[in-house]
Amino acid sequence: FSGGHWNDFDAADRVTAEGRSVVLAVLAAREALGAIPVEADTDGVYFVPPKGHTPSDDDALLERIASGLPDGIQLELDGRFAAMFSYKMKTYALLDELGRLRLKGSAFRSRGLEPFQRQIIGEIVRCLVLQRRGEVRANIDRWLGDFTAHRVELRAFARTETLQESLELYREKVRAGARSPSAAYELASTSGRAVQPGDQVSYYVAGRGASVAVNEYAKLASQWDPARPDENVEYYQAKVREIWDRFRAFAEFDGLRPPAPEEPSAQLSLF
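To keep things clear, this report deals only with the structure shown in the data block. On a predicted model such as this, the values are computed, not experimentally measured, just so you know. (Residues numbered from 1 in each chain as written. Predicted model: local features only at pLDDT ≥ 70, side-chain atom pairs only at ≥ 80, totals over all residues. Heavy atoms only, no water.)

Focus on the pattern of salt bridges
Opposite charge on two side chains allows them to pair when their charged atoms are near.
Consideration 1: Tallied over the full model, the rule gives 17 salt bridges.
Consideration 2: Among the salt bridges present, the one from Asp 41 reaches Lys 90, with a minimum N-O distance of 3.3 Å. Of the two residues, Asp 41 is situated in strand S1 (residues 36-41) and Lys 90 in the loop between strand S4 (83-88) and strand S5 (91-95); the sequence distance between them amounts to 49 residues.
Consideration 3: Of the residues examined, Lys 90 reaches a relative accessible area of 46% and is grouped as partly exposed. (Salt bridge = Lys/Arg side-chain N within 4 Å of Asp/Glu carboxyl O. Helix = DSSP H or I, 4+ residues; strand = E, 2+ residues; numbered from the N terminus. Buried < 20%, exposed > 50% of the residue type's maximum accessible area, 1.4 Å probe, protein only.)

Observations concerning the sheet that holds strand S9 (residues 218-220)
Consideration 1: One open sheet holds the three strands; their spatial order is S7-S8-S9, and the pairing between them is antiparallel. The outermost strands of the open sheet, each flanked by one partner alone, are strand S7 (159-162) and S9. Shown here is a sheet whose adjacent strand axes are inclined to one another by a mean of 40 degrees, direction ignored.
Consideration 2: Of the pairings in the sheet, the one linking strand S8 (residues 200-205) to S9 comprises three bridges and is antiparallel in character. Looking at S9, one finds that Tyr 204 is bridged to Lys 219.
Consideration 3: Of the strands in this sheet, S7, S8 and S9 touch helix H8 (residues 183-190), which is tilted by about 110 degrees from S8. (Pairing = 2+ DSSP bridges. Axes fitted to C-alpha atoms, helices over the stretch in contact; angles between N-to-C directions. Contact = heavy atoms within 4.5 Å.)

Looking at the layout of surface pockets
Consideration 1: Looking at the second largest pocket, its volume works out to about 260 Å³.
Consideration 2: In this structure, the second largest pocket is lined by 13 residues; those nearest its centre are Arg 111, Leu 113, Arg 118, Arg 159 and Thr 160.
Consideration 3: Sorting the residues of the lining of the second largest pocket by element identifies helix H4 (115-129) and S7 as the ones contributing at least two each.
Consideration 4: Broken down by element, the lining of the second largest pocket gets its largest block of residues, four residues, from S7.
Consideration 5: Its residues placed into classes, the lining of the second largest pocket shows three nonpolar, four polar and six charged. (1 Å grid on protein atoms, 1.4 Å probe; cavity = no way out; pocket = protein on both sides within 12 Å on 5 of 7 lines; lining within 4 Å. Points joined across faces, edges and corners; volume = space filled by probe spheres on them. Nonpolar A, V, L, I, M, F, W, Y, C, P; charged D, E, K, R; others polar.)

Details of the side chain of Glu 231
Consideration 1: Of note, Glu 231 is situated in the loop between S9 and helix H10 (233-252).
Consideration 2: Salt bridges are absent for the buried Glu 231, whose nearest opposite-charge side chain, Lys 219, sits at 9.3 Å.
Consideration 3: Among the polar contacts listed, one links the side chain of Glu 231 to the side chain of His 150, at a separation of 2.8 Å. (Lys, Arg positive; Asp, Glu negative; His and termini not counted. Polar contact = N/O pair within 3.5 Å; in protein donor to acceptor, adjacent residues only side chain to side chain.)

Remarks on helix H5 (residues 136-148)
Counting along an α-helix, one turn takes 3.6 residues, and residues three or four places apart therefore face a common direction.
Consideration 1: Between its terminal C-alpha atoms H5 stretches 19 Å, which fits the 18 Å expected from 13 residues at 1.5 Å a residue.
Consideration 2: Every buried residue of H5 is listed here: Val 136, Asn 139, Ile 140, Trp 143, Leu 144, Asp 146 and Phe 147. For H5, the angular spread of the buried residues around the axis is 160 degrees, confining them to a single face.
Consideration 3: In this structure, the buried residues of H5 make contact with H4, helix H6 (154-157) and H10. (Expected span 1.5 Å × (residues − 1). Arc of directions from axis to C-beta.)

Observations regarding the packing of aromatic side chains
Consideration 1: Enumeration over the complete set of coordinates arrives at 21 aromatic pairs.
Consideration 2: Summarising the aromatic geometry, the rings of Tyr 87 and Phe 108 are spaced 5.5 Å apart at their centres and angled 45 degrees between planes, so their arrangement reads as tilted. Of the two residues, Tyr 87 sits in strand S4 while Phe 108 sits in helix H3 (residues 106-109), which places them 21 residues apart along the sequence. Pair check on accessibility: Tyr 87 and Phe 108 agree, each one buried.
Consideration 3: Ring geometry for Trp 143 against Phe 147: centres 6.4 Å apart, planes inclined by 40 degrees, an arrangement best described as tilted. Placement of both Trp 143 and Phe 147 in helix H5 is noted, with a separation of four residues, approximately one turn of the helix. (Phe/Tyr/Trp six-rings, centres within 6.5 Å; stacked < 30°, edge-to-face > 60°.)

What follows is the structure, given as structure tokens:
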């Protein structure tokens, strides 16, 4: 990289090219043996084993795949899963043999998502890996109804942010046009208490309408009254619909099928 004292772009290119050729060789060998590729990167390869494959065949399969690889490349079976949902590159879900779901990737776990959004994504993905895609829309409708009836708990839609800089520096940047106003900082500045970088601010969005300016309609989570809930129903319902838009194609169209019970997915790691 350009910031290194002794960087060598040609050497970096050669290393990357060699790694890519190894992964492509693994993919080619696996497909030749009847395995179905699901996802591959430099960390490993996810695939559905050939028909009739059993756990006792693992070592033999690895040997056959590795037979054409360069000396020094070793393969290990890193895991076995009942089903896998590949959303996009480096973003996927794994269902293990005990029914536990693991979500990987920023699109599923981003800190920019409110808690209820992460919960909805988890519920939708579980429906998809269990081949119950018909339940996805019903799940979305339930959340929309819960927001309408104010049945969603504060902890599910409140956002918590950590202040990264002082209020003085924040104000200077806003005045200079170097950054946009932030709900967390605006609330911190009017809270009446001393705050410093590292402090956290929890807030929710009030008002009406899906397109409100968050920094203008944000309120401290401590101000929310369960007896008189004033969260912005339309704003949060729009976020529910955004998730539906992201997963709609998977719910309405039968794409890549999950592995059948007798064809568990596995991850092959390169070392």
